[in-house]
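What follows is each chain in one-letter form.
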Amino acid sequence: EELLYVLWEHCYSGWFGTFLMNTERDRVQADLRCKSLSIWSVVDHNRSQYLNPEFKADGQGPIYPVACSRQAQLWPKLWFSWYNKVHEAGWAQRVARSSC
């Protein structure tokens, strides 16, 4: 879960060249490999932080996502991190008050 959260968090942060530009070709042309850091370097350096100690390789193959909306679940870590940031900043309340 931690790895997915870090990827989500930095997808739009602009901190890593991994997520800049539209294509790998654009990243190569902009020489981002030399000008920015890859998120995968950071993940690899902190590998133990992202390993799941409960994982057991049982040879059953990949886990496929369920696309049924009835089985959709809230991802608490993602939702509450965003929710708390919005309410701490107070901008949602200011916008709501100013639009009335």
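Check the entry above for the structure.
All of these numbers come straight from a predicted model, not from anything done at the bench.

Participant: Quick question: what am I supposed to make of a nonpolar patch on the surface here?
Facilitator: Residues L74, W79 and F80 make up a contiguous nonpolar surface patch of about 300 Å² in total accessible area. As for its position among the elements, F80 is in helix α6 (residues 76-89). Exposure remark for F80: the relative accessible area of 40% places this residue in the partly exposed category.

Participant: What exactly am I supposed to notice about the side chain of R27 here?
Facilitator: Of note, R27 is situated in helix α2 (residues 24-29). On the basis of relative accessible area, R27 is assigned to the buried category, the value being 18%. When neighbours within four sequence positions are excluded, R27 is seen to be in contact with G17, T18, L20, M21, N22 and L32.

Participant: So what exactly am I meant to see when it comes to the pattern of salt bridges here?
Facilitator: When their charged atoms lie close together, side chains carrying opposite charge are able to pair. If you walk through the whole model with that rule in mind, you get two salt bridges. We note a salt bridge from D44 to R47, for which the minimum N-O separation is 3.0 Å.

Participant: How do you make sense of the environment of S13 when you look at a structure like this?
Facilitator: Position of S13 among the secondary structure elements: in the loop between α1 (2-10) and α2. A polar contact of 3.1 Å, which involves the side chain of S13, links it to the side chain of H10. Polar side-chain contacts of S13 include one of 3.2 Å to the backbone nitrogen of W15.

Participant: Explanation requested: the nonpolar core in the structure shown.
Facilitator: In summary, soluble globular proteins display a tendency toward joint burial of nonpolar side chains. By size, the foremost hydrophobic cluster in this structure holds six residues: V6, L7, F16, I39, V43 and Y50. Among the secondary structure elements, those contributing two or more residues to this core are α1 and α4 (39-45). Filtering out sequence-adjacent residues up to four positions away, L7 remains in contact with F19, I39 and W40.

Participant: How should the environment of D31 be read in this particular structure?
Facilitator: Tracing the chain through its elements places D31 in the loop between α2 and α3 (32-35). Sequence separation between D31 and G17 is 14 residues, and the spatial gap between their C-alpha atoms is 9.6 Å.

Participant: Can you help me understand the packing of aromatic side chains in this one?
Facilitator: In this structure the tally under the stated criterion is one aromatic pair. Judged by centre distance (5.8 Å) and plane angle (35°), the rings of Y5 and W8 are tilted. Here Y5 pairs with W8, and both are found in helix α1, just three residues apart, close to one helical turn. For Y5, a relative accessible area of 9% translates into the label buried.

About the cut-offs
- Residues numbered from 1 in each chain as written.
- Predicted model: local features only at pLDDT ≥ 70, side-chain atom pairs only at ≥ 80, totals over all residues.
- Heavy atoms only, no water.
- Patch = residues over 30% accessible without salt bridge, like charges linked within 9 Å, V, L, I, M, F, W, Y side chains within 5 Å.
- Areas by Shrake-Rupley, 256 points an atom, 1.4 Å probe, with all protein chains shown as cover.
- Salt bridge = Lys/Arg side-chain N within 4 Å of Asp/Glu carboxyl O.
- Helix = DSSP H or I, 4+ residues; strand = E, 2+ residues; numbered from the N terminus.
- Buried < 20%, exposed > 50% of the residue type's maximum accessible area, 1.4 Å probe, protein only.
- Contact = heavy atoms within 4.5 Å.
- Polar contact = N/O pair within 3.5 Å; in protein donor to acceptor, adjacent residues only side chain to side chain.
- Core = buried A, V, L, I, M, F, W, Y, C linked by side-chain atoms within 4.5 Å.
- Phe/Tyr/Trp six-rings, centres within 6.5 Å; stacked < 30°, edge-to-face > 60°.

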